[in-house]
Amino acid sequence: MATTITNAEAMAVDLRGESDWTAFDAPALVGSSLRFVSGDPQGDRFRVRYYRDAAQQLKARVWFGPETEGPPGHAHGGSIAAVLDEVLGLSGWAAGHAVVVANLNVSFRNLLPLQTVVTVESEVVSINGRKVLVKGRVCSGSAIYAEAECLCIAIGQPKTSVAG
Ligand SMILES: CC(C)(COP(=O)(O)OP(=O)(O)OC[C@H]1O[C@@H](n2cnc3c(N)ncnc32)[C@H](O)[C@@H]1OP(=O)(O)O)[C@@H](O)C(=O)NCCC(=O)NCCS
Ligand SMILES: CCCCCCCCCC(=O)O
């Protein structure tokens, strides 16, 4: 039988970044519309905190809460894809491109246990006209849960990226 975990029981979630990361303010760059993944920082679905690493690439610490469940005790693949969609698309914005996501390919490598804090890494690997290719992965220590390649298409003028 599934165990119900309340919000209160799930309170202690450590989303701190590494010492050489700086906080990144996503709403300051793209507005407050990204509610689906990162819009409920005390909720039981995702809790997300954004950073830039020393190389200025976007990173996120993400907690997959009980409401992301798919296979028993583990995150739904769609929840993992949603997180990658947001983080990798936002990575394009953080690199100065006003984009939407046109194509996202995800490889699910290992089941992700619920109530795990993971790191989502991103890297802008190429820019070709309006096409901004971003790669990323969901990992924790040596464990890799998913890898993704994300084709973003610029839809507007380049944006000035913000430091956080
Ligand atoms: C992405 C989108 C803006 C592209 O439409 P568009 O501005 O008319 O651009 P085009 O169709 O001319 O595509 C531009 C280029 O990207 C390529 N491209 C677009 N979508 C692609 C896809 N899914 N896969 C691969 N390449 C794609 C095109 O082949 C074209 O390449 P080219 O310049 O070498 O010919 C549009 O399809 C869209 O709005 N899709 C929905 C996006 C969305 O809802 N994302 C989730 C929320 S962020
Ligand atoms: C106008 C703000 C757009 C921000 C886009 C950031 C990536 C979101 C990905 C998605 O919605 O699928």
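Rules used throughout
Residues numbered from 1 in each chain as written. Chains lettered and ligands numbered in written order. Predicted model: local features only at pLDDT ≥ 70, side-chain atom pairs only at ≥ 80, totals over all residues. Heavy atoms only, no water. UniProt positions renumbered as here; feature names shortened; annotations may be inferred. Helix = DSSP H or I, 4+ residues; strand = E, 2+ residues; numbered from the N terminus. Core = buried A, V, L, I, M, F, W, Y, C linked by side-chain atoms within 4.5 Å. Buried < 20%, exposed > 50% of the residue type's maximum accessible area, 1.4 Å probe, protein only. Contact = heavy atoms within 4.5 Å. Near = heavy atom within 4 Å. Polar contact = N/O pair within 3.5 Å; in protein donor to acceptor, adjacent residues only side chain to side chain. Areas by Shrake-Rupley, 256 points an atom, 1.4 Å probe, with all protein chains shown as cover. 1 Å grid on protein atoms, 1.4 Å probe; cavity = no way out; pocket = protein on both sides within 12 Å on 5 of 7 lines; lining within 4 Å. Sits in = over half its atoms within 2 Å of the grid points. Nonpolar A, V, L, I, M, F, W, Y, C, P; charged D, E, K, R; others polar. Pairing = 2+ DSSP bridges. Axes fitted to C-alpha atoms, helices over the stretch in contact; angles between N-to-C directions. Points joined across faces, edges and corners; volume = space filled by probe spheres on them.

Chemist: What exactly am I supposed to notice about the UniProt feature "domain: Thioesterase" (unreviewed entry) in the chain here?
Modeler: The positions that UniProt labels "domain: Thioesterase" (unreviewed entry) are, in the present scheme, residues 73–141. Along residues 73–141 one finds 26% helix and 48% strand; the C-alpha atoms at either end are 20 Å apart.

Chemist: So what exactly am I meant to see when it comes to the nonpolar core here?
Modeler: Note that soluble globular proteins tend to have their nonpolar side chains buried in a common cluster. Core analysis: the biggest nonpolar cluster contains 36 residues, and Tyr50, Phe64 and Val120 have the highest contact counts within it. Ranked by residue count, the leading element in this core is helix α3 (residues 77–94), at 9 residues. Those residues in contact with Val120, other than ones at most four positions away along the chain, are Leu58, Lys59, Ala60, Val62, Val83, Leu84, Val87, Arg137 and Val138.

Chemist: Even after reading the chapter, I still don't get the site of ligand 2, so can you show me in this structure?
Modeler: Within the structure, ligand 2 sits among Val30, Asp85, Gly89, Leu90 and Trp93. Interatomic distance of 2.5 Å between a side-chain N/O atom of Asp85 and an oxygen atom of ligand 2. Across the complex, the protein chains shield 66% of the 380 Å² of accessible surface that ligand 2 would expose by itself. When atom positions are compared with the pocket grids, ligand 2 is found to occupy the largest pocket. Within the shell around ligand 2, the residues separate by chemical class into 3 nonpolar, 1 polar and 1 charged.

Chemist: I'm lost on the side chain of Thr116 in this one. Help?
Modeler: Within the element layout of this structure, Thr116 appears in strand β5 (residues 116–128). Look past the residues within four positions of Thr116 in its chain and what remains in contact with it is Val62, Trp63 and Phe64.

Chemist: Explain the site of ligand 1 to me, please; I cannot follow it from the model alone.
Modeler: Lining the immediate surroundings of ligand 1 are Val100, Val101, Ala102, Asn103, Arg130, Lys131, Leu151, Ile153 and Ile155. Here a nitrogen atom of ligand 1 and a backbone polar atom of Ala102 are 3.1 Å apart. Between ligand 1 and Lys131, the relevant distance is 2.8 Å, taken from an oxygen atom to a side-chain nitrogen or oxygen of the residue. Protein contacts shield 37% of the accessible area of ligand 1, which totals 950 Å² for the unbound molecule. When contributions to the shell around ligand 1 are tallied by element, the ones reaching two or more residues are β4 (99–108) and β7 (143–154). Looking at the shell around ligand 1 residue by residue, the class counts come to 6 nonpolar, 1 polar and 2 charged.

Chemist: Just to check I follow, could you spell out the sheet that holds β5 for this structure?
Modeler: Strand pairing in a sheet relies on backbone hydrogen bonds, with the paired strands running either antiparallel or parallel. Spatially, the 7 strands line up as an open sheet ordered β1-β2-β3-β5-β6-β7-β4, and their pairing is antiparallel. If you trace the sheet from one side to the other, it starts and ends with β1 (22–23) and β4, each paired once. The strands touched by α3 within the sheet are β2 (46–52), β3 (58–64), β4, β5, β6 (131–140) and β7, with β4 carrying the most contacts at an inclination of about 135°.

Chemist: Help me understand the pairing of β6 in this model?
Modeler: Successive side chains on a regular strand alternate, one facing one side of the sheet and the next facing the other. Examined bridge by bridge, β5 and β6 share 9 bridges and lie antiparallel to one another. Counted as the bridge partner of Asn128 is Lys131 from β6. Counted between consecutive antiparallel strands, the loop separating β5 from β6 contains 2 residues, among which Gly129 sits at a positive phi close to 60°. Pairing of β6 with β7 involves 10 bridges; the strand directions are antiparallel. Residue pairing in the sheet places Ser140 in a bridge with Ala143 of β7. Where β6 hands over to β7, the hairpin turn is made up of 2 residues, of which Gly141 adopts a positive phi near 60°.

Chemist: Is there a simple way to think about the layout of surface pockets in this case?
Modeler: In this approach a probe as big as a water molecule rolls over the atoms, and the regions it shows empty are the leftover space. Its boundaries defined by the atoms lining it, the largest pocket holds a volume of some 290 Å³. Surrounding the largest pocket, 14 residues form its lining, Leu34, Asp85, Glu86, Gly89 and Val101 being those nearest its centre. Within the residue set of the lining of the largest pocket, elements represented by two or more residues are α2 (35–38), α3 and β4. Grouping the amino acids of the lining of the largest pocket by side-chain chemistry returns 10 nonpolar, 2 polar and 2 charged. Considering the residues around the second largest pocket, the lining is formed by Ala26, Pro27, Gly31, Ser32, Leu34, Arg35, Ser38, Gly39, Pro41, Val48, Arg49 and Tyr50. Looking at the lining of the second largest pocket, the elements with two or more residues in it are α1 (26–30), α2 and β2. Ranked by the residues each element gives to the lining of the second largest pocket, the list is headed by β2, at 3 residues. Here the residues of the lining of the second largest pocket are counted per class, giving 6 nonpolar, 4 polar and 2 charged.

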